[in-house]
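Listed here are the chains, written in short residue letters.
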Amino acid sequence: VQLVESGGGLVQAGGSLRLSCAASGSILSINSMGWYRQDPEKQRELVALMNRRTGATEYADSVKGRFSISGGTTANTIDLFMANLRPEDTAEYYCFAKITSRDTWREYDYWGQGTQVTVSG
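Residues numbered from 1 in each chain as written. Predicted model: local features only at pLDDT ≥ 70, side-chain atom pairs only at ≥ 80, totals over all residues. Heavy atoms only, no water.

A. Local environment of the overall build of the chain. When helices and strands are counted, the chain shows zero helices and 11 strands. The linear arrangement of helices and strands in the chain, starting from the amino end, is β-β-β-β-β-β-β-β-β-β-β. On the principal axes, the C-alpha backbone points of the chain span a range of 45 × 25 × 25 Å. For the chain, the residues scored as buried account for 40% of the 121 residues in total. A separation threshold of at least 6 residues defines the contact pool for the chain, and within that pool the share at least 24 residues apart is 56%. Of the roughly 6500 Å² of accessible surface on the chain, a fraction of 46% belongs to carbon and sulfur atoms. Of the side-chain charges in the chain, 12 are positive and 13 negative, and the distance between the mean point of each set is 5 Å. (Helix = DSSP H or I, 4+ residues; strand = E, 2+ residues; numbered from the N terminus. Buried < 20%, exposed > 50% of the residue type's maximum accessible area, 1.4 Å probe, protein only. Contact = heavy atoms within 4.5 Å. Areas by Shrake-Rupley, 256 points an atom, 1.4 Å probe, with all protein chains shown as cover. Lys, Arg positive; Asp, Glu negative; His and termini not counted. Charge placed at Lys NZ, Arg CZ, Asp CG, Glu CD.)

In structure tokens form, the structure reads like this:
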């Protein structure tokens, strides 16, 4: 299973970006999917997560009202729309998913390679 992110980049404060993540491989089901971020000086933190079965979402307090997570164009993709970006949103953003393998019928955690988001002040 692979998670591939796209959409990071450089943006001015107050601007917007959309991140996308696509999962591929031997997938029986995607149980949850979302985004974490990590600044070099901080621990990795949850940004937003979606339960793909129920559609329930969870957001970090710091991004509520500015970021929105939604299912992508296919069942194996997810998007994160980030608005009103702030310099403190600068970080490496990682796609995350809990996926049940078609081969083993067990659930595993998967991570993408990361995509850099830089917000200039």
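Once the structure has been displayed, the description carries forward.
B. Highlighting the nonpolar core. Ranked by internal contacts, the top residues of the largest apolar core, which has 29 residues, are L3, M33, W35, L80, M82 and Y93. When residues of this core are traced back to their parent elements, those giving at least two are strand 3 (17-24), strand 4 (27-38), strand 5 (45-51), strand 7 (67-71), strand 8 (77-82), strand 9 (91-101) and strand 11 (115-120). Counting residues per element, this core draws most heavily on strand 9, which supplies five residues. (Core = buried A, V, L, I, M, F, W, Y, C linked by side-chain atoms within 4.5 Å.)

C. Layout of the pairing of strand 10 (residues 107-111). Bridge analysis of strand 9 against strand 10 gives five bridges, and the strand direction is antiparallel. Paired with A97 across the strands is Y110, a residue of strand 10. The hairpin turn running from strand 9 into strand 10, its antiparallel successor, is five residues long, and W105 in that turn takes a positive phi close to 60°. (Pairing = 2+ DSSP bridges.)

D. Structural detail: the side chain of R37. With respect to the helices, strands and loops of the structure, R37 is situated in strand 4. Using a relative accessible area of 7% as the deciding quantity, one classes R37 as buried. Once residues within four sequence positions are removed from consideration, R37 is found in contact with Q43, R44, E45, V47, S62, V63, F67, E88, D89, A91, E92 and Y93.

E. Examining the sheet that holds strand 1 (residues 2-6) more closely. Spatially, 1-3-8-7 is the arrangement adopted by the four strands of the open sheet, whose pairing is antiparallel. Both outer strands of the open sheet, strand 1 and strand 7, are each paired with one neighbouring strand and no more. Shown here is a sheet whose adjacent strand axes are inclined to one another by a mean of 15°, direction ignored. Strand direction decides the pairing type here: strand 1 and strand 3, joined by five bridges, are antiparallel. Directly across from E5, in strand 3, lies its bridge partner C21. (Axes fitted to C-alpha atoms, helices over the stretch in contact; angles between N-to-C directions.)

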